[in-house]
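An overview of the molecular structure
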Amino acid sequence: MSERAPDRPLVLAHRGASHDHAEHTLGAYLAALDTGADGLECDVRLTADGHLVCVHDRTLRRTASSRGLVSTMDLAELGELDFSSWKHPWAELDDERPDRVDEHGKVLTLRKLFEVVADFDRRIEIAVETKHPTRYGGLVERRVAELLRDFGWDRPGGPVRVMSFSYTALQRMERLAPDVRLVQLIEHVPYWPVLRRVVGKDWLVGPGVKLLHESRRLGESINRAGHDMHVWTVNTPDDLRVCQELGVKAVITDRPAYLLDLLDRQAGADG
């Protein structure tokens with residue numbers, strides 16, 4: 001892969017390389033790093049015994065075939081569940097599939113993901129989304145801030161940005177870790193005129209790519225307001241084109257290898 005051009009957007013793997021691997025598993029994140037992803041994106045929830053885990057849904061039905069709730073289970077209980085088989089339910093019948101590493105399909109803590117990134121041989125960006133509403137409210141952000149301090153990533157220049165659809169959650173994070181970059185996520189175009197008046201001047205803004213397809217004016221308005229954009233979930237050439245036309249700084253994708261290949265081909269054509 002060629003060296004990243006200054007104007008090329010960062011490519012962050014959405015829940016890992018989740019197009020091909022079970023989302024939020026160590027296997028999905030390692031696959032994304034192996035393909036050269038610039039960063040990783042994860043959602044975090046708090047377990048009943050206070051651990052931050054990388055899980056999107058509040059329930060475990062979709063990804064672990066369990067009726068449990070993340071917030072009512074201890075980490076040890078979650079550790080007994082299989083978080084990967086749902087993605088490829090017939091994989092055991094494939095004689096040519098690689099041997100599965102058990103740890104790669106188990107619940108992943110945010111601390112473990114941070115450890116992997118800290119030990120990697122190049123800088124890796126991390127986008128952490130705190131999920132709301134939750135029964136634990138602001139405790140989620142407090143736990144994230146504590147973990148950032150443990151890794152020394154609460155200071156300027158750290159690799160982590162914290163994202164949320166909740167403006168209140170981001171305000172809370174700003175008080176707890178004022179030097180950490182924040183991303184206000186947006187899922188509906190009409191929300192922006194209200195948020196524009198209140199988001200911090202240094203905050204990033206994260207619209208869904210569908211919103212940029214629906215409303216070019218939204219992206220232009222965010223640019224005029226002076227906010228860099230980190231856009232989700234960018235999976236097609238047309239998605240990438242829209243982001244590049246608007247000068248988006250980072251794209252979050254289920255398909256990091258595919259997007260990196262598209263960008264490398266563009267660089268080769270331009271060269």
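In the block above lies the structure referred to throughout.
Below or above, wherever it landed, is the structure these notes cover. (Residues numbered from 1 in each chain as written. Predicted model: local features only at pLDDT ≥ 70, side-chain atom pairs only at ≥ 80, totals over all residues. Heavy atoms only, no water.)

Now for the packing of helix α4 (residues 110-118) against helix α5 (residues 139-151). Taken N-terminus to C-terminus, the directions of α4 and α5 make an angle of 30 degrees; their axes are 11 Å apart at the nearest point. The orientation of α4 relative to α5 falls into the category roughly parallel. Handedness of the crossing formed by α4 with α5: right-handed. Contact residues: α4 offers Leu110, Arg111, Phe114, Glu115 and Ala118, while α5 offers Leu147, Leu148, Asp150 and Phe151. In terms of residue class, the contact of α4 with α5 is made up of six nonpolar, no polar and three charged. (Axes fitted to C-alpha atoms, helices over the stretch in contact; angles between N-to-C directions. Helix = DSSP H or I, 4+ residues; strand = E, 2+ residues; numbered from the N terminus. Parallel < 35°, antiparallel > 145°, perpendicular 65-115°, else oblique. Left-handed = near helix turned anticlockwise from the far one by under 90°. Contact = heavy atoms within 4.5 Å. Nonpolar A, V, L, I, M, F, W, Y, C, P; charged D, E, K, R; others polar.)

Before going further, it helps to spend a moment on the pairing of strand β2 (residues 39-46). Across a regular strand the side chains alternate sides, sitting on one face of the sheet and then on the other. When you tally the buried positions in β2, you get eight out of eight residues, the bulk of the element. Here β2 shows two buried faces, one formed by Gly39, Glu41, Asp43 and Arg45 and the other by Leu40, Cys42, Val44 and Leu46. Bridge count between strand β1 (residues 10-14) and β2: three bridges; the pairing is parallel. Looking at the pairing, His14 lines up with Glu41 of β2. Note on the crossover from β1 through helix α1 (residues 26-34) to β2: the handedness is right-handed. Here β2 runs beside strand β4 (residues 125-130); their pairing, made up of six bridges, is parallel. Within β4, the residue paired with Leu40 across the bridge is Ile126. One ladder, built from three bridges, connects β2 with strand β3 (residues 52-54); its direction is antiparallel. Each bridged residue has a counterpart across the sheet, and for Arg45 the counterpart in β3 is Val53. (Buried < 20%, exposed > 50% of the residue type's maximum accessible area, 1.4 Å probe, protein only. Pairing = 2+ DSSP bridges. Right-handed = clockwise from strand over helix to strand, strands pointing away.)

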